[in-house]
Amino acid sequence: MPIGRSRRALGLLVLAPVALGALVWGGMHYRGLERTLAAKFEGRSWAVPGRIYTAAFALYPGLEVAGTGVFERLRRLGYREVAGVPAGRGEFHRDPRGGFLDVHLHEFRYPLHPEEGRSIRIALDHGVVSRIFDPASNDDVFDAALEPEPLAGLYDEVWEERHVVGMDQIPARMVQAVLAAEDSRFFAHGAIDLRGIARALVRNVAARRVVEGGSTLTQQLMKNFFLSEERTWRRKARELAMAIVAEQRYTKEQILERYLNEIYLGQSGAKGIFGVGEAAQFYFGKQLADLTTGETALLAGLIRAPNANSPFRSPMRAQGRRDAVLAAMAEHGAITAEEAEAARAEPLQLRPYVTDRTNAPYFVDAVRRQLQASYPPAALTAEGLRIFTSLDGEMQVAAETAVREGLAELERVYPKLRRDEPEEQLEAALVAVHPATGEIKAMVGGRDYRITQFNRATDAARQPGSVFKPVVFYAAFDPEGGEPHFTPMTRVEDAAFAWTYEGRSWTPGNYKDRYRGAVTARTALEQSLNAATARIAFDVGLPRVIAAAEKLGFPGPLPALPSIVLGGVETTPLAVAEVYAVLASQGQRTSPRAVTQVADEQDQLIEGRPLDITSVVSPAVAYLVTHVLEGAIDHGTGSAARTQGFRLPAAGKTGTTNDYGDAWYAGYTPDLVTIVWVGFDRRQSLGLSGAQAALPIWTAFMKRATAGRPARDFEVPEGVVLATVDPETGGRATASCPTTVVEAFLEADAPTNDCPRHEGPALGSGEATRSERKGSDQPATSWWRRWLGR
Amino acid sequence: MRDQRWLSVVVIGLTLSGCAQAAARHQRPRTAQAPSKDDRPVEVARARPPAPPAPARPAATRADDGPLTAKIAPATPAGRSAALRLTEEGRQRLAAGDAPRAIDLLERAIAVDARVPYAYYFLAKAHAELHHTTLAHRFLDRADQKLAHEPYWRSQVNALRGQLLADEGKSAAAEAAYRRALDAWPGNRAAAEALTAAPQRDKNP
């Protein structure tokens, strides 16, 4: 065998296995790339964060638009005010004469009823909604609502906000614009575009810097999907290999659809805006189908440098890029020169840039914790769940403002409350609940979430002090608990006494050790008299008080210690809200609800958390307590709320612990229960009562939270009689009684005898209505007595 | 002389004052149970004359099954009107077989004005359709409390309770509920038919 031939044979012998090995390796690598791509193209392509929303804001006749913050809500939702009739979704128009407000609603995917973006006219009468109707058909609209506001995203590491759209939802013009801007020969080349690379090379050399990339859309997609931003040959080679595999395995339309949903198009705080569907909403408040040619071109122009070219940041640059894309579109025949010219003339009409004025971090934490009990972490952060909550965006703003300003004011007036260390600062919590539905409408868990994430509204166990007292009075007024039972007019001794139990003695003392002798039960609660309250509790017995507390929903088990009657047991503001909601809703308990519905990415309802009610206590007895607590806010310990301008029918109770370490105010209207706590995390004396520290915050919040809503009084339930009586004797008032009050009684307890001390003709049947003066031990002196000074 | 004039002024003043008070007393109602409330600001509400006495239970002959929006009068408070409209909308969705959406609307009605009793009845009905029996019973309890003076609706509440109890196999309790429904409003056909069918069902299980 010649030497040359033997060498070739030897070479073949060596090379063949190498080539075979390379082929096998290449094949395996190809299969690996295929599998990786399949996971992206055929499985879930993106980790779509869970999104948390506030409640929708129901619009109905009787609401005052300015008072309820309708314009603030529209602004936060990105509606744009226009001069004439709204032409498209996301626009509103105010009649200059105040006669109506036109709103073209956004499209919104509610889980049970998609809102397609109707146009509604809200007729106004002095700023109050008088009718809502469809301006085209003149038909009444009963279920109008402003859509929920986005509150937060639930994400793992990076918050990628993305509204995934299919090719059938993407207008051809959007595709044309993106191709003109990024890869005009996309449908003509394979994975790589040699002409494009050559063109980019020439331009870059001419410019002596990188002014144009030669990557195809497929390469860009591969880079975004799998690879980093590093500029290495290894990364470039891998990007190329993957692009080749993708082009072989998937159609151009599939690749384009992925690309249009994948691209990064801007930033809003912590939230990245990804995909053209999300970007259309973010920049213009529109669906893709509603974009104009100019808007479409502007979005396409953002792809290269979304933040530098952001129309929010630099409108001129954004318009410059838009015009370049329009020119490219015209050059490639996607639009005519006239269309391009018209699009260039379009004014830039952006959705207002909304900084997250409220994101309710403590509430979001509470929601997250609730959800974590039912959903695995990956489902919450990656599967695009939409979580609808009970929060009212405007009330939340009011709550945060009231807490922030209230604490600052306390520190201004009482400098001793100031602390240098942020973690040591004076703190507060506020929670507001709708008593009939249990919906949490606002929640503030602390002064500053950035400093401490501990949610005092849900987790801070503190002594409630006198906020507990209504439980004692419920027990005392309830005849079903046994005898003795009290009425608001029953007299009790307000004097120091010792309560002996289990061989020990407990002596409840009044504020500043001032005692008032014989007082009515009403006065004992209105004026928060410790000794009189403890005396009542002593008379009815601890077991009845504890039973009442349990029925009202006070978290137990409660220790059988006398001190509990003055709030000597720990609880949270949210738990107190639950108890007071039972009183406000006349004996009906509704568990506080933060989450109302959860929907999946396809808008299908996964879970509804419906209203659930249980009748737990007597409506009539609950009303008696409310009626007395109305007195407490009108002329008792909470009367500062009235002097500070809160005028609606309301009931409430102050709370201060013995060491002045905790200041509370718990108060309610028929539609809103709000609890405020003020104190230090490390228990220290404030030296202030609940009326001084917590009530101003409560009042500021309630004034704003209830503004513009129809006011209503507490409903008098079956079994309650309002009677005009002499407060001194409790008998039916006569014409000779120097003072009279209207008091609430259970029917069986209503006084039947005339006042024994002041003989005279009876005042009718002795019964009255709430329209007359509400019960109070304050004298209702007749005008002539006041005139004569007697 | 001057003292006598002063005395005359006081006597006349006292007389007028007494007359005014007596007149005011004369206008007070004899009974004051569950006076109606309205949604106007409280200052306005208190200036109104006292509510008339609660009417005696009316003869239960007429079906009150028209649209709830018919209950809206010019003087109906805004919140109550809105809640009635939402309740009617919920009722219609329920009739169309969309119980989840009906629940959505009815809950909203309660949020607007929790005093509207019909929302509780229709919530019970919607939950009954979705086989949420416990919830349905709870809403019926609340509706029962709030509809004590409306025979037609009390009858509907009891008929629905009868249906729920019958579905749970509690025949005796169901029968009692149907009888209460007929007591409240004899024209309740559903209750009457259920009572007629019950003995046959018992015979042919």
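Predicted model only: the values in this text are computed from it and were never measured.

Let us now look at the sheet that holds strand 7 (residues 128-133) of chain A. Residue and element names in this part refer to chain A. An order of 3-4-5-6-7 is seen for the 5 strands of this open sheet, with the pairing classed as mixed. Each edge of the open sheet carries a strand with a single partner, namely strand 3 (80-81) and strand 7. Pairing of strand 6 (residues 119-125) with strand 7, which is carried by 5 bridges, proceeds in the antiparallel orientation. Of the residues in strand 7, the one forming a bridge with D125 is V128.

Residue and element names in this part refer to chain A. In this structure, P484 follows E483 across a cis peptide bond, with omega equal to 0°. Its place among the elements puts P484 in the loop between helix 16 (469-477) and strand 16 (491-494). G556 connects to P557 through a cis peptide bond whose omega is 0°. On the secondary structure map, P557 appears in the loop between helix 19 (542-552) and helix 20 (573-584). A positive phi is found at E502, a non-glycine position, where the angle reads about 45°. With respect to the secondary-structure elements, E502 resides in the loop between strand 17 (499-501) and strand 18 (504-506). If you check the backbone angles, D513 has positive phi at about 55° while not being a glycine. Overall, the presence of 8 C-beta atoms within 10 Å leaves D513 in the exposed class.

We now examine the domain arrangement of chain A. Residues and elements named next belong to chain A. Partitioning chain A into structural domains gives domain 1 (3-43), domain 2 (54-151), domain 3 (159-344), domain 4 (390-461 + 571-708), domain 5 (465-569) and domain 6 (719-790). Each of domain 2 and domain 4 has a C-alpha centre, and these two points are 30 Å apart. Contact residues are listed per partner, giving 16 residues for domain 2 and 12 residues for domain 4. At 3 residues, the largest contribution of residues to the side of domain 2 that touches domain 4 is made by helix 2 (residues 70-76). Considering only residue class, the side of domain 2 that touches domain 4 consists of 6 nonpolar, 4 polar and 6 charged.

Right, let's talk about the sheet that holds strand 12 (residues 271-274) of chain A for a bit. Each strand in a sheet pairs with its neighbour through backbone hydrogen bonds, running either in the same direction (parallel) or in the opposite one (antiparallel). Residues and elements named next belong to chain A. Sheet architecture is open: 3 strands sit in the order 10-12-11, paired in mixed fashion. The sheet terminates laterally at strand 10 (159-162) and strand 11 (264-268), the two strands that pair on one side only. The sheet shows a mean angle of 30° between the axes of neighbouring strands, taken without regard to direction. Bridging between strand 10 and strand 12 involves 4 bridges; their strand directions are parallel. Within strand 12, the position partnered with R162 by the bridge is F274. Across the sheet, helix 8 (residues 275-284) is in contact with strand 10, strand 11 and strand 12; its angle to strand 12 comes to roughly 115°.

What counts as what
Residues numbered from 1 in each chain as written. Chains lettered and ligands numbered in written order. Predicted model: local features only at pLDDT ≥ 70, side-chain atom pairs only at ≥ 80, totals over all residues. Pairing = 2+ DSSP bridges. Helix = DSSP H or I, 4+ residues; strand = E, 2+ residues; numbered from the N terminus. Buried ≥ 20, exposed ≤ 12 C-beta atoms within 10 Å, placed from the backbone. Domains from an automatic or database assignment. Contact = placed C-beta atoms within 7 Å. Nonpolar A, V, L, I, M, F, W, Y, C, P; charged D, E, K, R; others polar. Axes fitted to C-alpha atoms, helices over the stretch in contact; angles between N-to-C directions.

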